Amino acid sequence: MLKSRRSSLDPFFEEYALDAVLITDIRNIRYLCGFSGSEGALLVSRSAVWFLCDSRYTAQARAEVQGADVRECTLRLETLYALAVENGFKRIGFEASHTSVTAFRKLAGVFSGIELVELGSVLDNVRLCKDASEIELLSSVAFLASKSLEAVLGLVKPGVLESEIALELEFEMRRRGADGRAFDFIVASGVRGAMPHGRASDKAIQSGELVTIDFGALKDAYHSDETVTIACGEPGPREREIHAIVKAAHDLAIEQVRPGLGCRELDAVARDYIGERGYGEYFGHGLGHGVGLEIHEMPTLSPRSDAILKEGMVITIEPGIYIPGFGGVRIEDTLVVTADGYRVLTCADKQLLIL
Ligand code: ZN
Ligand code: ZN
């Protein structure tokens, strides 16, 4: 499996006339060789792969790393340089979008006589389409998170703090085997619902308010992402109206998901629907994003996206309406693009639940 992932680097060797690729982003390292620690470097040539780490990680790397020669070192850059010289490498690609200016200067300072070639975000595109084992992990973490939410929804009642809901949800995820939360949960009630990224605060939830809960779990380095908007007590007519519009936009967009569809076109399905109902100005963000080893990754679903859906992509669909001074609604599911359509991975109920 990991060998086939590494073969996805092959086109870059041709396209950029490279002798090797240096991988330093820890998520890409995990993706390509299986190492789950927090620091290391992977040097990949056409015929050999080396994984370098310091002594803290040697035993772990020997147990986890697949298909690479594990080398322990204290001076990582100097050891990499020695390997490059020994193997006659003249051009080495690096992950420009994951390398700070300071790190690049250090790298360039050590790698004298070797041309460093910026690979930008092309390496992130390698992770665009998930393989079967990744889809299995994403599916199980999404299920765990959805079930955790169901278990704590009964706590939503007037007087409960947003932060208490967030804390209980995280406990529930951990109890069910999550390694942690995928991000700081958003629990935004009443007027705070107008903030798309309103982190759980110490505000008490009032009767009649909508409550937007955007949550996800983290397990084996994979993330889940899902949002429900529920009502605490009987909601007013406008609350019901915007919930119904967002739900319909969400459902319409999901029904369209299939390989070959442009992400911009998919975004437009939901955006046009919301716009035609007079709420276009209140839907300011993109329709969704990829999910995997990062909570937000490629592709981006927005009016500016050039990406085309492909089988194996795992994306969110998350339209919303946010009205300043009033409140808001967002509904989000994560789904995998299949050969003939899609499969939804998240499973919390998206109907307007009145608690
Ligand atoms: Zn989310
Ligand atoms: Zn999201």
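Conventions and cut-offs
- Residues numbered from 1 in each chain as written.
- Chains lettered and ligands numbered in written order.
- Predicted model: local features only at pLDDT ≥ 70, side-chain atom pairs only at ≥ 80, totals over all residues.
- Heavy atoms only, no water.
- Helix = DSSP H or I, 4+ residues; strand = E, 2+ residues; numbered from the N terminus.
- Rg over C-alpha atoms; globule rule 2.2 N^0.38 Å.
- Buried < 20%, exposed > 50% of the residue type's maximum accessible area, 1.4 Å probe, protein only.
- Contact = heavy atoms within 4.5 Å.
- Areas by Shrake-Rupley, 256 points an atom, 1.4 Å probe, with all protein chains shown as cover.
- Lys, Arg positive; Asp, Glu negative; His and termini not counted.
- Charge placed at Lys NZ, Arg CZ, Asp CG, Glu CD.
- Domains from an automatic or database assignment.
- Buried area = accessible area lost by both parts, 1.4 Å probe.
- Donors = N, O, S within 2.8 Å, 3.2 Å for Na, K, Ca; no water.
- Tetrahedral: all angles 85-135°; square planar, octahedral: opposite > 155°, others 65-115°.
- Pairing = 2+ DSSP bridges.
- Axes fitted to C-alpha atoms, helices over the stretch in contact; angles between N-to-C directions.
- Parallel < 35°, antiparallel > 145°, perpendicular 65-115°, else oblique.
- Left-handed = near helix turned anticlockwise from the far one by under 90°.
- Expected span 1.5 Å × (residues − 1).

(A) Examining the overall build of the protein chain more closely. If you tally the helices and strands in the protein chain, you get 11 helices and 19 strands. Its C-alpha atoms give the protein chain a radius of gyration of 23 Å, within 12% of the compact-globule value 20 Å for 355 residues. Within the protein chain, buried positions represent 53% of all 355 residues. The long-range fraction of contacts in the protein chain, counting pairs at least 24 apart against all pairs at least 6 apart in sequence, stands at 67%. Per element, the accessible surface of the protein chain, about 15,100 Å² overall, is 52% carbon and sulfur. Where the 38 positive side-chain charges of the protein chain centre and where its 52 negative ones centre are 2 Å apart.

(B) Broad picture of the domain arrangement of the protein chain. As far as domains go, the protein chain holds domain 1 (3-127) and domain 2 (132-344). Contacts between the two partners involve 6 residues from domain 1, matched on the other side by 9 residues from domain 2. Here domain 1 packs against domain 2, burying approximately 730 Å² in sum over the two surfaces, 46% of which is carbon and sulfur. Looking at the side of domain 1 facing domain 2, the largest losses of area belong to Arg27, Arg30 and Arg127, adding up to 57% of the total buried there.

(C) Representation of the coordination of the zinc ion (ligand 2) within the structure. Donor atoms from the polypeptide that coordinate the zinc ion (ligand 2) comprise Asp225 (OD), His289 (NE2), Glu318 (OE) and Glu332 (OE), at 2.1 Å from the metal. Given 4 donor atoms and angles of 78 to 151° at the metal, the environment of the zinc ion (ligand 2) is assigned as irregular. Along the chain, the residues donating to the zinc ion (ligand 2) fall in the pattern D-x63-H-x28-E-x13-E. The metal-metal distance between the zinc ion (ligand 2) and the zinc ion (ligand 1) is 3.1 Å, with Asp225 coordinating both.

(D) Local environment of the pairing of strand β1 (residues 20-23). Residue alternation in β1 divides its side chains into two sets, Ala20 and Leu22 and Val21 and Ile23, and both sets are buried. Pairing of β1 with strand β5 (residues 91-94) involves 3 bridges; the strand directions are parallel. The partner of Val21 across the bridge, within β5, is Gly93. As judged from the 4 bridges shared by β1 and strand β2 (residues 41-45), these two strands associate in the antiparallel manner. Looking across to β2, one finds that Leu22 is bridged to Leu43.

(E) Looking closely at the sheet that holds strand β7 (residues 180-181). The strand order across the open sheet formed by 3 strands is β7-β10-β11, and the pairing between neighbours is antiparallel. The two strands at the open ends of the sheet, each matched to only one other strand, are β7 and β11 (222-223). Bridge analysis of β7 against strand β10 (residues 217-219) gives 2 bridges, and the strand direction is antiparallel. Bridge pairing in β10 places Arg181 opposite Ala217.

(F) Region of interest: the coordination of the zinc ion (ligand 1). Taken together, the protein donors to the zinc ion (ligand 1) comprise Asp214 (OD), Asp214 (OD), Asp225 (OD) and Glu332 (OE), at separations of 2.0 to 2.5 Å. The coordination sphere of the zinc ion (ligand 1) comprises 4 donor atoms, whose angles at the metal cover 55 to 151°; the geometry is irregular. Positions of the donor residues of the zinc ion (ligand 1) along the chain correspond to the pattern D-x10-D-x106-E.

(G) Fine view of the packing of helix α5 (residues 76-86) against helix α6 (residues 101-110). Direction vectors running N to C along α5 and α6 enclose 45°, while the axes themselves pass 9 Å from each other. As judged from the angle between their axes, α5 and α6 are oblique. For the crossing formed where α5 meets α6, the hand is right-handed. Taking contact as the criterion, the partners of Leu77, Glu78 and Tyr81 in α5 are, on α6, Lys106, Leu107 and Val110.

(H) Broad picture of helix α8 (residues 132-152). Between its terminal C-alpha atoms α8 stretches 31 Å, which fits the 30 Å expected from 21 residues at 1.5 Å a residue. Of all the positions in α8, only Glu134, Ile135, Leu138, Ser139, Val141, Ala142, Leu144, Ala145, Ser146, Ser148, Leu149 and Val152 are classed as buried.

(I) A look at the sheet that holds strand β6 (residues 115-118). Strands sit in the order β4-β3-β2-β1-β5-β6 across an open sheet of 6 strands; the sheet is mixed. Of all the strands in the sheet, just β4 (69-72) and β6 have a single pairing partner and so form its edges. Strand-to-strand twist of the sheet, defined as the mean angle between neighbouring strand axes without regard to direction, takes the value 25°. Its contacts with the sheet place helix α3 (residues 26-33) against β1, β2 and β3 (49-53), and it is angled at close to 55° to β2. Lying over the sheet, α5 contacts β1, β2, β3, β4 and β5, oriented at roughly 160° with respect to β3.

(J) Representation of unusual backbone geometry in the model. Following Met298, the chain continues into Pro299 via a peptide bond in cis, with omega recorded as 0°. Within the element layout of this structure, Pro299 appears in strand β14 (residues 297-301). Phi angles above zero are rare outside glycine, and Asp220 is one such case at about 50°. As for its placement among the helices and strands, Asp220 is situated in the loop between β10 and β11. Phi is positive for Ala221, which is not a glycine, with a value near 80°. Within the secondary structure, Ala221 sits in the loop between β10 and β11. Given the relative accessible area of 19%, Ala221 is considered buried.

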